[in-house]
Amino acid sequence: MTLPDCPNFKSHFAELLSHALHTLSNTDLDINIEFARPKQTSHGDYSCNLAMQLAKPLRQNPHTIATILVNAMPSSPYLEKVEVAGAGFINLFLTVQTKQQFPHIVLKKNKEFGCGNYGEKKKIQVEFVSANPTGPLHVGHGRGAAFGASLCNVLTAAGFSVSREYYVNDAGRQMDILAVSTWLRYLELNGQSIFFPTAAYQGEYVRKMAQLIYKAHGNRYVHQDKPLPENLFGQKEKKEVDPEVLLDQLILDTKNFLGQDYTYIHNFVLTEQLGDCRNDLMEFGVVFDTWFPEQTLFEDGMVAHVIKLLEQKNYLYQQDGAIWFRSSDFGDEKDRVVQRENGQFTYFASDIAYHLNKFQRGFERIINVWGADHHGYIPRMKGALQALALDPSKLEIALVQFAVLYRNGVKAPMSTRSGEFVTLRELRQEVGNDAARFFYLLRKSDQHLDFDLDLAKSQNNDNPVYYVQYAHARVCSVLEQWGENSSILATVDTALLTSAVELSLLQKLIDYPEMIDVAARELSPHLIAFYLRELAGEFHSYYNSTRFLVPEVPLRLARLALIASVRQVLANGLTLLGVSAPEKM
RNA sequence: GCCUUGGUAGCUCAGUGGAUAGAGCGACCCCCUCCUAAGGGGUAGGUCGCAAGUUCGAUUCUUGCCCAGGGCGCCA
C-alpha cells in the first residue's frame, strides 16, 4: 500500500464517523467531531469522544452509541482496528504499514513537508516590532521580533502570502525629543554649559551621535551669531513644573532657533537609529518587505483626509481646544484626542490613516503584533475602523508581553528614555542568535516572560536549543559515517521499523503537518518549539536504545530512512523558528 | 476603581471538557572497549490559588474571592 499524498487523518476519520452518525440518526445534530491523541498507546493513535457528546441528545448510554457508530463506520485502508473503551471512547489504531509510509513522504517532500493550504494563498499582512527609532532595540523588542518573524514563517508554510511590515514612527514627538537631546549633547561638546533635562534621552548612544555631528560639522549647529534660548540654561526642574511641558517648550525653542538646520539634526538621528535597528534585526534573522514611514501619511495628506472623513461622518468634536474622536460610540471607555491643543496630530490620528492605508492595499487579513501594554488601544483602533465603515474583524491584534528582566535577582530597568536597558544586540552577543530566538519562543507570546539575564547568559549548554540542534547534528554524523548517497533512502523498504520507539517516532512525524496547521490558526509559533523538543527527545532515546549502522542492510536502510526523516523535520521546524540546523556541534 | 494576563513539582514553564496532569532545570542513583555523554535510563517531588456553579465527567468552561504582573496621557 502506498499513500498518495500526506493524508489528514483527523478529517478523514471525521468523515467516516459523520457517515456512521447519519445512518444512526436522522436528526440534524450539530456536533463537531474531534480527535485527541491519547497519551497511552493502548488507547490507540487517535481517540474520539463523540459517543459521550451524543449520550444526552440521544438518551442512550455512551458505550452503546459508540458500539453502534463503530459498526456503522465505513472501513478505511489506514485503520488496523477501532475499539470502544472506557466510558465510551472510540479509539482508532493506524495500521503499521500506514505509519511506515511516512519516511517516504517526508523524504520526498523535504523542505515542503509540513506545508499546508490553510491560507489558500490569501494576502496577509503582519506588522511587527515597529519600535520608535529613538534608541537601540532592547530585549522586549527582541521578543516581538522573534515572535513576528516566526509567525510569518508559519503563516507562509500554512499557505498564506505574507507581507512583513515595520511601521516607522518618524513623525512624532519622541523623535523631536531625541533630536533635541542630541543637539544638547552636541552643545556640550562645543563647550556650552547647558541644562540637560532628566526627561530627555539619557543614553550613551545620544552622546555618540552628537560626536558624529561634531566631527563632521564642528560648531556649525551652535549658531554662534545669536544667543541660545534662555530655556536651555539654569532651568532647575522644579516640582511644580511638569517636565514634559518643559520638554515641549524646549522642542519649540530648538526648532525656532535652528530653523532649517533642525531638519538636518532630526533626519540625522532618524537615519542613524533606523539604520542601527535595521542592521540589528537583519543580524537577528528578521527582515521586512516594507518599512512604512509615518511621515508619508502627513506628506501625502492621508492624515488630513482621514480626519476630514471622520468629521464628515460627525465622529469628531472640539473640546478644551483639542479635537476628539467619539470612540466611546464604539465601545471604548472614553473619547480620544486626534489633534492636540497645540495643533499637533496625535499618534492615534496618523495610526487611523495608516490602517486605512493598510485596508486600501487589499490584504484579506491584517495582523498587528503589539506589546501587551497597548491592549487598551485596541477598542479605539477598531472603533476608528468602524467609523470609516471598514470591517474591524479583518484586523487581528496579537499581543506580546514584554520580557521582564532580572539581573542578580533584581528587576532591571527597561526605559529607553533613561538609557538603562539591556539591548537586543547585547543579548545576541552573549547568548547567540539561535539561543535567543529559541528562548523567546519557548513560552506563549501573551505570557509574561521572566528573563533571568545571568541564567540566560550562562546557560549555553543547558539551553534547549542545543538539545534540538544536537539531535540534528547527530543524524548528520550518522549519515556521514554511513557514507552513501542519502537520496536512496526515500524509496527503501521501511517495513522493518516495528519497535515501540520506532512507531512512536513515526507517529511524531505524522503529527508535524497538523502541528503547523494549528500553529498558524492560533498564531502560536511557540508550538513549534515545544514540538521540536519532543521530537528531539524521542530521537535521543532512539539513538541510545538502537544502533542504526547495523550489518543487516535492509534493517540499516530502514532505520537510516527514519532518522533522515527526523533530520528533515527538525530542520524544517528550526527554519520556521529562525534557528540554524548545524551538521556538526 | 476599571480593563487585561497569570497562580500547575523546590525553580522556570507547557498542556487538556475525558482515561494514570507533563517537560526542562535543580536533587539523588545508574549507563561511554558502543553511530558525538551538548545524550540516555531511573527515583523523589502535585490539594492544577480558594469556593460555589454548569456537566455523565472540570485542572480546563462560568461566577465570586484571594494573590501577582501589565495597562488605564492632548506619549508612542
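Computed from a predicted structure; not experimentally measured.

### Description of the protein's contact with RNA strand B
Not every one of the 57 residues close to RNA strand B is listed here, only the nearest: Phe89, Tyr467, Tyr470, Ser477 and Thr546. Here the atoms of RNA strand B within 4 Å of the protein split so that 61% fall in sugar or phosphate, with bases taking the remainder. Between RNA strand B and Asn49, the relevant distance is 3.1 Å, taken from a base nitrogen to a side-chain nitrogen or oxygen of the residue. Looking at the surface near RNA strand B, the elements with two or more residues in it are helix H2 (50-58), strand E4 (89-94), helix H7 (173-189), helix H18 (464-482) and helix H20 (526-545). Per-element accounting of the surface near RNA strand B gives the leading share, eight residues, to H18.

### Some words on the sheet that holds strand E10 (residues 336-339)
Pairing is antiparallel across the open sheet formed by three strands, whose spatial order is E8-E9-E10. Bordering the open sheet on either side are strand E8 (316-319) and E10, each of which pairs with just one other strand. The average angle at which neighbouring strand axes cross in this sheet is 45°, direction not considered. Alignment of strand E9 (residues 322-325) against E10, held across three bridges, turns out to be antiparallel. Across the sheet, the residue bridging to Phe325 is Arg336, located in E10. Against the sheet, helix H13 (residues 347-360) touches E9 and E10, its axis set at about 80° to E10.

### Structural notes on unusual backbone geometry
Even without glycine at this site, Ser130 takes up a positive phi of about 45°. Tracing the sequence through the fold places Ser130 in the loop between strand E5 (123-127) and helix H6 (139-157). Assessed through its relative accessible area of 14%, Ser130 is described here as buried. Phi at Ala389 is positive, roughly 65°, even though this residue is not glycine.

### Here's the deal with the packing of H6 against helix H19 (residues 500-521)
Where H6 meets H19, the axes come as close as 9 Å, and the angle between the chain directions of the two elements is 120°. Relative to H19, the element H6 lies oblique. The chirality of how H6 crosses H19 is left-handed. Counting all contacts with H6, which are made through Val154, Leu155 and Ala157, the residues of H19 involved are Ile516, Ala519 and Ala520.

Each value, and the rule that gives it
Residues numbered from 1 in each chain as written. Chains lettered and ligands numbered in written order. Predicted model: local features only at pLDDT ≥ 70, side-chain atom pairs only at ≥ 80, totals over all residues. Heavy atoms only, no water. Near = heavy atom within 4 Å. Polar contact = N/O pair within 3.5 Å; in protein donor to acceptor, adjacent residues only side chain to side chain. Helix = DSSP H or I, 4+ residues; strand = E, 2+ residues; numbered from the N terminus. Pairing = 2+ DSSP bridges. Axes fitted to C-alpha atoms, helices over the stretch in contact; angles between N-to-C directions. Contact = heavy atoms within 4.5 Å. Buried < 20%, exposed > 50% of the residue type's maximum accessible area, 1.4 Å probe, protein only. Parallel < 35°, antiparallel > 145°, perpendicular 65-115°, else oblique. Left-handed = near helix turned anticlockwise from the far one by under 90°.

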